[in-house]
Amino acid sequence: MKNWILALTVLIAMPAFSQSILTDSYINELEQNIEEIEALKKGGLATEREIYMLEYYKKKIGEVKRTASGAAARAIFTTEIKNKEPVNDLNSVAVNSRQVSFFTELVNLNGKIVTHRWSVHGEVVYTKDFRVGANRWRVWTTKTITPYVNSMIVVQILVNGQAVSQETIRVTP
Amino acid sequence: MTKKMMAHGKQQRERTDNMTDPQNSADATISINPKRLAVILGIIVTLSGAVYKTYTVTTGYLDTLATKVEVKQSEINSSIELVSVTMMGYEDELIGYDFLIETDQATPADRVAKANVERRIQGLKEKLDRLETRSSELLNIQTGSDSVGSQIE
């Protein structure tokens, strides 16, 4: 009976283990690449491409570590969403666009409640909660912007009620 | 062993005699039943204890078991992780090819390899989308709500 329970527990827990093992092994691979290129660089043997890749690996390892514990891999303002993807990435939006969408790709936040909280001049103007259904989950909210000309719109991303990051966009005339 | 059995048989006969004798039948009831009662009660208590223990162990075990939906979602999450990590590997390769092309160092073979990597990344992205959709469908079955969607306020 005990063995049976143990076998089933291992079977159920396996996906969780394999999940962290995969990410960990990728992080390990990046660390090894960084180490190797730095050794080459030290000896003056690194090529231009390797030096370029070194910077890329350093940036990438930070991103992977950040998202491993759950984060928004992408947080983008866009004019429209098509097939669950943003059509563009906006820094500002003209008021005649009438509305703007805020898109997020959530990674490793399965089972958590993620909120998009829209604010203008410190006042919350719209809030929407989402229950994350998988380790990769894309959600978006869309807001009419007509009343907010010349204002900065701030959208906060909350995970289980805790603000984790925010993005801003200016509404231009 | 045989002596014991003989003695036991003798006792049984005496008990039967006592019970059939109307004068001794009351005494016989008093002398036999408490022991038997104690034994029966002991068995009942032991059995009920065993049944209760089995019940608590079984329910405790059942509580630890995941539902079918949970197991399915766990599988999907593992697949998502696997596809994501594979995709990141291809993205690394792509960056290398991009550098070669931007610096005019790329050979025709590098350009073809880049196109192949891009195709693979696209295939993996589609796989990720399908996995996300499957998880969304599972969630809909479980909660009757759709978590992925556009909201206009």
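Preceding this paragraph is the structure being described.
Model, not experiment: these values are computed from the prediction.

What counts, and at which threshold
- Residues numbered from 1 in each chain as written.
- Chains lettered and ligands numbered in written order.
- Predicted model: local features only at pLDDT ≥ 70, side-chain atom pairs only at ≥ 80, totals over all residues.
- Heavy atoms only, no water.
- Helix = DSSP H or I, 4+ residues; strand = E, 2+ residues; numbered from the N terminus.
- Contact = heavy atoms within 4.5 Å.
- Areas by Shrake-Rupley, 256 points an atom, 1.4 Å probe, with all protein chains shown as cover.
- Buried < 20%, exposed > 50% of the residue type's maximum accessible area, 1.4 Å probe, protein only.
- Patch = residues over 30% accessible without salt bridge, like charges linked within 9 Å, V, L, I, M, F, W, Y side chains within 5 Å.
- Salt bridge = Lys/Arg side-chain N within 4 Å of Asp/Glu carboxyl O.
- Expected span 1.5 Å × (residues − 1).
- Axes fitted to C-alpha atoms, helices over the stretch in contact; angles between N-to-C directions.
- Parallel < 35°, antiparallel > 145°, perpendicular 65-115°, else oblique.
- Left-handed = near helix turned anticlockwise from the far one by under 90°.
- Nonpolar A, V, L, I, M, F, W, Y, C, P; charged D, E, K, R; others polar.
- Pairing = 2+ DSSP bridges.
- Core = buried A, V, L, I, M, F, W, Y, C linked by side-chain atoms within 4.5 Å.

J.: In this structure, what is going on with the overall build of chain A? I would like to understand it.
T.: Along chain A, the regular secondary structure elements total two helices and 10 strands. Going from the N terminus to the C terminus, chain A shows its helices and strands as α-α-β-β-β-β-β-β-β-β-β-β. Intrachain contacts of chain A at a sequence separation of at least 6 include 57% that bridge at least 24 residues. Per element, the accessible surface of chain A, about 9600 Å² overall, is 52% carbon and sulfur.

J.: Looking at this model, I keep getting lost on the overall build of chain B. Mind explaining?
T.: The secondary structure content of chain B amounts to four helices and zero strands. Every one of the 153 residues in chain B was classed for burial, and the buried ones make up 25%. A fraction of 60% describes how many contacts in chain B between residues 6 or more apart in sequence connect residues 24 or more apart.

J.: How should I be thinking about a nonpolar patch on the surface in this particular structure?
T.: A surface patch of nonpolar side chains, amounting to about 380 Å² of accessible area, comprises Leu37, Ile40, Leu41 and Ile44 of chain B. For Leu37 of chain B, the location among the structural elements is in helix H2 (residues 25-64).

J.: Just to check I follow, could you spell out helix H2 (residues 48-68) of chain A for this structure?
T.: Two residues of an α-helix separated by three or four positions point the same way, owing to the 3.6 residues in each turn. Between its first and last C-alpha atoms H2 of chain A spans 30 Å; for 21 residues at 1.5 Å apiece the expected length is 30 Å, and the two agree. Gly70 of chain A lies just past H2 of chain A and shows a positive phi near 105 degrees.

J.: In this structure, what is going on with the packing of H2 of chain A against helix H3 (residues 68-102) of chain B? I would like to understand it.
T.: The description of two packed helices rests on the angle between their axes and on the distance between the axes. Where H2 of chain A contacts H3 of chain B, the two axes come as close as 10 Å, and the packing angle between them is 150 degrees. By the angle between their axes, H2 of chain A is roughly antiparallel relative to H3 of chain B. Relative to H3 of chain B, the crossing made by H2 of chain A is right-handed. Taking contact as the criterion, the partners of Glu48, Arg49, Tyr52, Met53, Tyr56, Tyr57, Lys60 and Val64 of chain A in H2 of chain A are, on H3 of chain B, Met88, Glu91, Asp92, Ile95, Gly96, Tyr97, Phe99 and Leu100 of chain B. Residue classes in the contact of H2 of chain A with H3 of chain B are distributed as 10 nonpolar, one polar and five charged.

J.: Sorry if this is basic, but what is going on with H3 of chain B here?
T.: For H3 of chain B, built from 35 residues, the straight-helix expectation of 51 Å at 1.5 Å per residue is met to within 8% by its first-to-last C-alpha distance of 50 Å. Where H3 of chain B terminates, the next one or two residues include Asp104 of chain B, which has phi positive at roughly 55 degrees.

J.: For this particular structure, what's the right way to read the sheet that holds strand E8 (residues 136-144) of chain A?
T.: Backbone-to-backbone hydrogen bonds pair the strands of a sheet. The strands run either parallel or antiparallel. All names here are of chain A. The strand order E1-E5-E8 describes an open sheet built from three strands, whose pairing is antiparallel. Each having just a single partner strand, strand E1 (71-78) and E8 make up the two edges of the open sheet. Geometrically, the sheet is characterised by an average inter-axis angle of 15 degrees between neighbouring strands, direction not taken into account. Here seven bridges tie E1 to strand E5 (residues 99-107), and the two strands are oriented antiparallel to one another. Residue pairing for E5: Arg74 is matched across the bridge by Glu105.

J.: Could you clarify how one ought to interpret the pattern of salt bridges in this entry?
T.: Side chains that differ in sign of charge can pair as their charged atoms come close. Evaluated as defined, the whole model comprises 14 salt bridges over all chains. Salt-bridge contacts for Lys65 of chain A lead to Glu31 of chain A; the nearest nitrogen and oxygen are separated by 3.6 Å. Of this pair, Lys65 of chain A sits in helix H2 while Glu31 of chain A sits in helix H1 (residues 2-42), and the two are 34 residues apart along the sequence. The salt bridge involving Asp129 of chain B is made with Arg138 of chain A; its shortest N-O contact spans 3.1 Å. Of this pair, Asp129 of chain B sits in helix H4 (residues 108-143) while Arg138 of chain A sits in strand E8, placing the two residues on different chains. With a relative accessible area of 26%, Asp129 of chain B lands in the partly exposed category. Relative accessible area serves as the criterion here: at 1%, Arg138 of chain A is assigned to the buried category. Via salt bridges that share partners, Arg74, Glu85, Glu105, Arg136 and Arg138 of chain A together with Asp129 and Glu132 of chain B belong to a single interconnected network.

J.: Could you clarify how one ought to interpret the nonpolar core in this entry?
T.: A general tendency of soluble globular proteins is for nonpolar side chains to be buried together. By size, the foremost hydrophobic cluster in this structure holds 44 residues, and its most contacted members are Phe77, Val100, Leu106, Trp118 and Ile153 of chain A. In terms of residue count, H3 of chain B provides more of this core than any other element does, nine residues in total. When neighbours within four sequence positions are excluded, Val100 of chain A is seen to be in contact with Phe77, Thr78, Leu90, Val93, Trp118, Thr141, Thr142, Lys143, Ile145 and Ile169 of chain A. Counting residues in hydrophobic clusters, the runner-up holds 13 residues, among them Leu30, Ile61 and Val64 of chain A together with Val85 of chain B.

J.: Quick question: what am I supposed to make of unusual backbone geometry here?
T.: Note on backbone geometry: most residues besides glycine have negative phi, and most peptide bonds are trans. Residues and elements named next belong to chain A. Even without being a glycine, Asn83 presents a positive backbone phi close to 50 degrees. Positionally, Asn83 belongs in the loop between strand E2 (81-82) and strand E3 (85-86). Residue classification places Asn83 among the exposed residues on the basis of a relative accessible area of 74%. Even without being glycine, Lys84 reaches a positive phi, approximately 65 degrees. Inspection of the secondary structure assignment puts Lys84 in the loop between E2 and E3. Relative accessible area serves as the criterion here: at 25%, Lys84 is assigned to the partly exposed category.

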